[in-house]
Amino acid sequence: GFAFGTSVAQVRAASPSEHRVSSQSVFEYLYFHVIPGPRTMFEGIVRLQPGEYALFKDGLVKQDFHWTPRFVESESAPLQELERQFIDAIEQGVRESMTGASGRVGAFLSGGTDSSTIAGLATRVSGSPIDTYSIGFNAAGYDEMEYARIASRHFGTRHHEYYVTPSDVVNAIGPIARIHAQPFGNASAVPTFYCARMARADGIAKMLAGDGGDELFGGNARYAKQYLFALYERVPRALRALLIEPICNALAHGPRLPGICKGVSYVQQAMQPMPARMESYNGLVRLGLDTVLTHSMRAAIDPDGPLEAISRWYFNPTAHTQINRMLATDFKFTLADSDLPKVTTSCRLVGMPVAYPMLDDVVVDFSLRLHPDLKLKRTALRWFFKHALRDFLPEAILRKSKHGFGLPFGEWALSHAPLRDLAFDSLNGLKQRDFVRAEFIDQLRTQRLIEHPGYYGPLVWVLMMLEQWFVHHASRSSIDWRPLAS
């Protein structure tokens, strides 16, 4: 038989037998903080990926892609003409997103370039002030409300603010775990949910989100970092192999002097091929699989699976430059698997429709034709985007670094007893499932989180949300979650 639906639950309902949790999917959740398609949490149930279709005919299922990113890397046009096309494309995306709304349209406003652009163009399209919504945190280094206020004043929006508290986080964890069909570890789902709830209470009928700009126009910090590592490839191969790398290998075993250590580290990282070099920063990779995973879990997984999945998207046949290959990867793993489900599902919790003007067909097609050197100009992120909007966006927003709706979970978990209790109880529950080593969980609670809450807080969140998924899903149906050696 062949069962299909818009959710895992619908497909599972078509087969009443016990469903086994995929150990590989749990591993990839710990790696990516979400489970990337085509995997689901269950063996034997798969998801279609972005732009993919399935054809069931004569008892067989055929899968193929009706759309994939096709980059054009050699096209050129006068900069002024490109800027005009770009602004027209985004404005068209905003207009189409606003068309057909059953009432007032609002916009998320983090104070970044994407959300500010959408808010400004929505005001222009509507011909009157629109409602914008922002989330703040009373935590040093996390609150960027002032930038949202700058954008609101600049465009004349009706601005609404809400400061999320640790108690709000406690109250949101259960609903977020329940509504996601599989474990979802993107913590910014919490502020997104409260933003959408605030808009819903105000009578907003539809929200506009700015997601997509970074992945279309080169806005993530890792793009600049990998550009610097790629410069090493310009050094003649013989010089690298016969002089630089032997010297670095010798220095790596010598005295640890600050200047030398940085140089050695640079060469050692630059020697790695892409996309493995990009993944060397992954938290699970840095901690070490044997440090985190139990023996039975380690035996049940393919540790190379995540990198193989990334490589299939990184080596896009039409992308020949590093920046476009990284963008093609982020189309899948950042947008389709994480950010869009985060916003869409958080809005669905309160019954709020949401649209993404940056991902309008016209905008996406324009970005695919934009020369790669204009997306990342040396280490200048989204150079073209900012240059084109230099007379539209406030200067302070053009200069600011990317942040978004980050959550100070690590700091709050240490200072707020109910949040800490929920997190630590979840971690203790996870010990019984034989995925993560009990010794590592204990060390995470008693030492690592206390010493580095900003670094280890996200990992505690990811583990907590894994257990919360089991609490809210496994108890209501027949699920076998024990690791099974492959």
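Structure: see above.
Just so it is clear, the structure is predicted and the values come from calculations on it, not from any experiment.

## Section: the overall build of the chain
(1) Moving on: When helices and strands are tallied, the chain shows 25 helices and nine strands.
(2) Moving on: Rg of the C-alpha trace for the chain: 23 Å, near the compact-globule value of 23 Å for 486 residues, within the 12% margin.
(3) Moving on: Along the three orthogonal principal directions, the C-alpha set of the chain runs to about 60 × 60 × 60 Å.
(4) Moving on: Long-range pairs, those at least 24 residues apart, make up 76% of the contacts in the chain with a sequence separation of at least 6.
(5) Moving on: Counting only carbon and sulfur atoms, one obtains 53% of the accessible surface of the chain, whose full area is about 21,900 Å².

## What to know about the packing of helix H2 (residues 23–32) against helix H25 (residues 453–473)
(1) Moving on: Where H2 contacts H25, the axes come no closer than 9 Å and their chain directions differ by 150°. Crossing of H2 against H25: the hand is right-handed. Judged by residue contacts, Val-26, Tyr-29 and Leu-30 of H2 engage Val-462, Leu-463, Met-465 and Leu-466 from H25.

## A few points about the packing of aromatic side chains
(1) Moving on: Tallying each qualifying case throughout the model produces 25 aromatic pairs.
(2) Moving on: Their ring planes at 90° and their centres at 6.3 Å tell us that Tyr-232 and Tyr-266 sit as a pair that is edge-to-face. Remark: Tyr-266 occurs in helix H11 (residues 258–270) and Tyr-232 occurs in the loop between helix H9 (221–230) and helix H10 (237–251); sequence separation between them is 34 residues.
(3) Moving on: Taking 5.2 Å as the distance between ring centres and 85° as the angle between the ring planes, the aromatic pair formed by Trp-469 and Phe-470 counts as edge-to-face.
(4) Moving on: Judged by its relative accessible area of 1%, Trp-469 falls in the buried class.
(5) Moving on: Take Phe-470: its relative accessible area is 1%, and that puts it in the buried class.

## Section: the sheet that holds strand S7 (residues 206–208)
(1) Moving on: Read across the open sheet, the five strands follow the order S6-S5-S4-S7-S8; overall the sheet is parallel. Each edge of the sheet is formed by a strand with only one pairing partner; in this case those strands are strand S6 (158–164) and strand S8 (354–355).
(2) Moving on: Looking at chain direction, strand S4 (residues 105–108) and strand S5 (residues 131–137) are connected through three bridges and run parallel. Each bridged residue has a counterpart across the sheet, and for Phe-108 the counterpart in S5 is Tyr-133.
(3) Moving on: Helix H7 (residues 189–201) rests against S4, S5, S6 and S7 of the sheet, and its axis sits at about 140° to S5.

## Overview of the environment of Ala-276
(1) Moving on: Within the secondary structure, Ala-276 sits in helix H12 (residues 276–279).
(2) Moving on: Given a relative accessible area of 22%, Ala-276 falls into the partly exposed group.
(3) Moving on: In this structure the C-alpha to C-alpha distance between Ala-276 and Leu-307, which are 31 residues apart in sequence, comes to 6.9 Å.

## A few points about the pairing of S6
(1) Moving on: Of the pairings in the sheet, the one linking S5 to S6 comprises seven bridges and is parallel in character. Directly across from Phe-137, in S6, lies its bridge partner Val-164.
(2) Moving on: In terms of handedness, the path from S5 via helix H5 (residues 145–155) over to S6 forms a crossover that is right-handed.

## Section: the environment of Glu-83
(1) Moving on: Note on placement: Glu-83 falls in helix H3 (residues 79–98).
(2) Moving on: You can call Glu-83 buried: its relative accessible area is 10%.
(3) Moving on: The spatial distance from the C-alpha of Glu-83 to the C-alpha of Leu-389 is 8.2 Å, given a sequence separation of 306 residues.
(4) Moving on: Engagement of the side chain of Glu-83 in a polar contact is seen with the side chain of Arg-390, the distance being 3.2 Å.

## A few points about the pairing of strand S2 (residues 52–57)
(1) Moving on: As paired elements, S2 and strand S3 (residues 60–65) share six bridges and run antiparallel to each other. Along S3, the bridge assignment pairs Glu-52 with Phe-65.
(2) Moving on: The loop that links S2 with its antiparallel partner S3 comprises two residues; one of these, Asp-58, has a positive phi angle of about 55°.

## What about a nonpolar patch on the surface?
(1) Moving on: Together, Leu-239, Leu-242, Leu-243, Ile-247, Leu-251, Leu-257 and Ile-260 make up an exposed nonpolar region whose accessible area comes to about 610 Å².
(2) Moving on: No other element matches the five residues that H10 contributes to the nonpolar patch.

## What about the packing of helix H6 (residues 166–179) against H7?
(1) Moving on: Contact geometry of H6 with H7 gives a least axis separation of 10 Å together with a crossing angle of 95°. Regarding the angle of H6 to H7, the classification is roughly perpendicular. For the pair H6 and H7, the contacting residues are Asp-168, Val-169, Asn-171, Ala-172 and Ile-176 in the first and Ala-189, Val-190, Phe-193 and Tyr-194 in the second.
(2) Moving on: Residue composition of the contact of H6 with H7, grouped by class: seven nonpolar, one polar and one charged.

## Describing the pattern of salt bridges
(1) Moving on: What the rule picks out here adds up to 24 salt bridges.
(2) Moving on: One salt bridge connects Arg-390 with Glu-83, and the closest N-O pair in it is separated by 3.2 Å. Of this pair, Arg-390 sits in the loop between helix H20 (383–388) and helix H21 (395–399) while Glu-83 is found in helix H3, placing the two residues 307 residues apart along the sequence.
(3) Moving on: A relative accessible area of 38% places Arg-390 in the partly exposed class.
(4) Moving on: A salt bridge links Asp-214 to Arg-382; the shortest N-O distance between them is 2.4 Å. With Asp-214 in helix H8 (residues 213–217) and Arg-382 in the loop between helix H19 (372–375) and H20, this residue pair connects regions lying 168 residues apart in the sequence.
(5) Moving on: Assessed through its relative accessible area of 4%, Arg-382 is described here as buried.
(6) Moving on: A cluster of three or more residues bridged by salt bridges with shared partners is formed by Glu-146, Arg-149, Arg-153 and Glu-161.

Basis of the calculations
Residues numbered from 1 in each chain as written. Predicted model: local features only at pLDDT ≥ 70, side-chain atom pairs only at ≥ 80, totals over all residues. Heavy atoms only, no water. Helix = DSSP H or I, 4+ residues; strand = E, 2+ residues; numbered from the N terminus. Rg over C-alpha atoms; globule rule 2.2 N^0.38 Å. Contact = heavy atoms within 4.5 Å. Areas by Shrake-Rupley, 256 points an atom, 1.4 Å probe, with all protein chains shown as cover. Axes fitted to C-alpha atoms, helices over the stretch in contact; angles between N-to-C directions. Left-handed = near helix turned anticlockwise from the far one by under 90°. Phe/Tyr/Trp six-rings, centres within 6.5 Å; stacked < 30°, edge-to-face > 60°. Buried < 20%, exposed > 50% of the residue type's maximum accessible area, 1.4 Å probe, protein only. Pairing = 2+ DSSP bridges. Right-handed = clockwise from strand over helix to strand, strands pointing away. Polar contact = N/O pair within 3.5 Å; in protein donor to acceptor, adjacent residues only side chain to side chain. Patch = residues over 30% accessible without salt bridge, like charges linked within 9 Å, V, L, I, M, F, W, Y side chains within 5 Å. Salt bridge = Lys/Arg side-chain N within 4 Å of Asp/Glu carboxyl O. Parallel < 35°, antiparallel > 145°, perpendicular 65-115°, else oblique. Nonpolar A, V, L, I, M, F, W, Y, C, P; charged D, E, K, R; others polar.

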